[in-house]
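Descriptive structure summary
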Protein chains: 2
Amino acid sequence: MKPKLTLKQIAFELDVSVSTVSKALRDSPEIGEDTRQKVKAFAKLYNYKPNNIALSLKNRKTRTIGLVLPEIVHDFFATVISGIEEVANKKGYNVIICLSNNSFDREVMNMEMLANGSTDGFILSVAKETQQKRDYHHLQEVINQGMPVVLVDRVVDEIICDKVIIDDAEGAAKAVQHLIDSGCRSIAIITTVDYVSVGKLRTNGYLNALRKNNITVNEDLILKIEDIDQSQEQIDEFLKSRNVDAVFAVNEQFAASAVKALVSKGLTVPEDVLVISFSDGELSRRFMPSLSTVNQHGAEMGARAAQLLIERLERVVDEERYQTAIINTSLIERESTLKTKKPVV
Amino acid sequence: MKPKLTLKQIAFELDVSVSTVSKALRDSPEIGEDTRQKVKAFAKLYNYKPNNIALSLKNRKTRTIGLVLPEIVHDFFATVISGIEEVANKKGYNVIICLSNNSFDREVMNMEMLANGSTDGFILSVAKETQQKRDYHHLQEVINQGMPVVLVDRVVDEIICDKVIIDDAEGAAKAVQHLIDSGCRSIAIITTVDYVSVGKLRTNGYLNALRKNNITVNEDLILKIEDIDQSQEQIDEFLKSRNVDAVFAVNEQFAASAVKALVSKGLTVPEDVLVISFSDGELSRRFMPSLSTVNQHGAEMGARAAQLLIERLERVVDEERYQTAIINTSLIERESTLKTKKPVV
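Keep in mind that what you see is a predicted model, and the values were worked out from it rather than measured.

Each of the two chain copies can be brought onto the other by rotation about an axis and movement along it. At an RMSD of 0.1 Å, chain A and chain B line up after a rotation of 180° and a shift of 0.0 Å along the axis. Expressed as a symmetry operation, the mapping of one chain copy onto the other fits a two-fold axis. The C-alpha atom lying nearest the rotation axis in chain A is that of Ile97(A); the distance is 2.4 Å. Comparing contact sets, 97% of the residues at the interface of chain A also lie at the interface in chain B, consistent with an isologous, same-surface contact.

To continue, consider the sheet that holds strand S7 (residues 222-225) of chain B. Residue and element names in this part refer to chain B. Spatially, the six strands line up as an open sheet ordered S7-S6-S8-S9-S10-S12, and their pairing is mixed. Looking at which strands have only one partner, the edges of the open sheet turn out to be S7 and strand S12 (330-332). Strand-to-strand, the axes of this sheet are offset by a mean angle of 20°, without reference to chain direction. Inspection of the sheet shows strand S6 (residues 187-192) paired to strand S8 (residues 246-249) by four bridges, in the parallel sense.

What follows deals with unusual backbone geometry. All names here are of chain A. The omega angle of the peptide bond from Val269 to Pro270 is 10°, so this bond is cis rather than trans. Relative to the helices and strands, Pro270 resides in the loop between helix H12 (252-264) and strand S9 (274-278). In this model, Ser279 sits at a positive phi of 85°, which is unusual for a non-glycine residue. Examined against the element boundaries, Ser279 turns out to sit in the loop between S9 and helix H13 (282-286).

What follows concerns the sheet that holds strand S6 (residues 187-192) of chain A. Remark on secondary structure: sheet strands pair via backbone hydrogen bonds, oriented parallel or antiparallel. All names here are of chain A. Across the sheet, which stays open at both edges, the six strands sit in the order S7-S6-S8-S9-S10-S12 with mixed pairing between neighbours. Two strands lie at the open edges of the sheet, namely strand S7 (222-225) and strand S12 (330-332), each paired on one side alone. Going from strand to strand, the sheet's axes swing by 20° on average, the running direction of each strand aside. Sheet strands in contact with helix H11 (residues 231-240) are S6, S7 and strand S8 (246-249), and its direction is about 165° off that of S7. Against the sheet, H12 makes contact with S6, S7, S8 and S9, and its axis sits at roughly 160° relative to S9, the strand it touches most.

Time to look at the pairing of strand S11 (residues 324-327) of chain B. Residues and elements named next belong to chain B. The alternating pattern of S11 places Ala325 and Ile327 on a buried face and Thr324 and Ile326 on a face that is not buried. Bridge count between strand S5 (residues 162-166) and S11: four bridges; the pairing is parallel. Note on S11: the bridge partner recorded for Ile166 is Ile327.

A few words now on the domain arrangement of chain A. All names here are of chain A. Domain parsing of chain A yields domain 1 (7-49), domain 2 (64-165 + 298-329) and domain 3 (168-295 + 331-337). Distance between the C-alpha centres of domain 1 and domain 2: 26 Å. With nine residues of domain 1 at the interface, the matching set in domain 2 holds nine residues. In total, domain 1 and domain 2 occlude about 640 Å² of area from one another, counting both sides; carbon and sulfur atoms represent 41% of this. Taken together, the links from domain 1 to domain 2 amount to zero salt bridges. Those elements giving two or more residues to the side of domain 1 that touches domain 2 turn out to be helix H1 (7-14) and helix H2 (18-25). By residue class, the composition of the side of domain 1 that touches domain 2 is two nonpolar, three polar and four charged.

Basis of the calculations
Residues numbered from 1 in each chain as written. Chains lettered and ligands numbered in written order. Predicted model: local features only at pLDDT ≥ 70, side-chain atom pairs only at ≥ 80, totals over all residues. Heavy atoms only, no water. Least-squares fit on C-alpha atoms with pLDDT ≥ 70 in both. Contact = heavy atoms within 4.5 Å. Pairing = 2+ DSSP bridges. Helix = DSSP H or I, 4+ residues; strand = E, 2+ residues; numbered from the N terminus. Axes fitted to C-alpha atoms, helices over the stretch in contact; angles between N-to-C directions. Buried < 20%, exposed > 50% of the residue type's maximum accessible area, 1.4 Å probe, protein only. Domains from an automatic or database assignment. Buried area = accessible area lost by both parts, 1.4 Å probe. Salt bridge = Lys/Arg side-chain N within 4 Å of Asp/Glu carboxyl O. Nonpolar A, V, L, I, M, F, W, Y, C, P; charged D, E, K, R; others polar.

As structure tokens, this is what we get:
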């Protein structure tokens, strides 16, 4: 059996873009008659069979956006969804959500299912396991089929497409600078293992802020957590034996656990130790003390992703340039860092 | 133009069930050759056109479950999703999620989109606005088209289908009984407006528990909240002017707000006032004090809903009886109700 011809190969052979091939096969009026005939003749000659039901439905626009997310138990992705829904609904698009549960296989299956005629394009935040494996063929495949993809928050360098991110390192540095400005010098960080891109970036921000302020980095004050379900025990253990004047946690769950660990050690937040979290969710807002945090502006990220995707879907002339939109973080000061500067002895 | 013939009318005319008609038109081997021919002849005679792309795809089973939820910002629906995903994935089904954001129109649009060939059946929790309007035609329509529906948590009596609920009234009574057993007599409830079915049922449970213990119901201790975003102000105002020894809140957000309101009044939880919440989410677990609560077993509810739906999808012989599965609640005692009984003076 001959290897299957892909859209990409046709594009390469005819020296046109993949989406031109895809659109020509769908008889899109966006593509000149000449090109359409050339592409179709070539596809026929090599017996090209699109594996996409959507193509057979005569260019049926679904006006649906496929959204594939790693999880939704934490507030951040819920706010991203709300931002996407708001823009999409306003422009007459439906949103279909699938969860990868941070599994590579589920991410691949979800995308395959949605690419099968259910959606016009994708917004995706990459699963933890996918980042670990560094296997992104499923993303490249849908792009090759002419379906645009916008990556949001957990993005990957290897895929060329529109992206929406926050400057995680800069946001983390802002948080740590706030602790330093409040007089703290012995600042612990509770972060994730390195292959989670945002965890790593936030750790970099922490390191940068310390260096910028000439504070020596103490590796003993860095806790990296793999599994959030076992985090309380690890954080209790970590803080029990260390004397710190502040804790920076890369998510609000770790921050809440840090407050608990400190209180059970007989300390008070913020009187004895300041705590700052990352991402402004319900837990940060409603916790007692309420948690200072870095706002990721999830709704804005979602809205921007939806805009980028819809613009690309509705563009008459193909645009080959892609953009990475960076959404600014902001610091929200609440009770957990409310403290008058310690007098320098 | 003649009015369009529906599946339901064909079923009525031929004295068979709607799903028999639907399956016969799809040439399902589950339906006898005779019936199939009769149905198809009738449909042809009256020029019946299925409005469902799925039907034209030659009985293509999507092996996909459409899940339509009111919201996901709160933990409960996230746990329902995880239960559904677990069962569905094990049985080789994908899950597609759409959010109604509690809007009737969005719920209708989502179901219409998913019924258009994307899913085999639905699991749905009804939007607040839909409950208010009492308009369920969109549910009946997909059922008439032969797509099974399982309602979960926010169910409606008017639609005959499989349902998964918890006994909200019994769960609430359990919580209030726990407060009474701890010596409380002046127990406030913070609940939702009445048209939200679960809020109303939980209020009933509160009233039942008081009556059962011969405690006079004091209408002045009942606060009904319409909009969760403005709840803190309302709860502050409500608790400021009332002397209570316990608060039962129908969700964990209201419970956290109640603790805040009490603390700002100079009171301590649980020393001065006990607080109990409903639904075991991250906020209840991580709050300080941790919140006693009624566990709704969302994951179990989701798992059961997925089982019921998949069983119905895979049944060879049509089963016309439907069941309502009731998942038991359980009381989780945490710090917010940990108190030695007040000595009776």
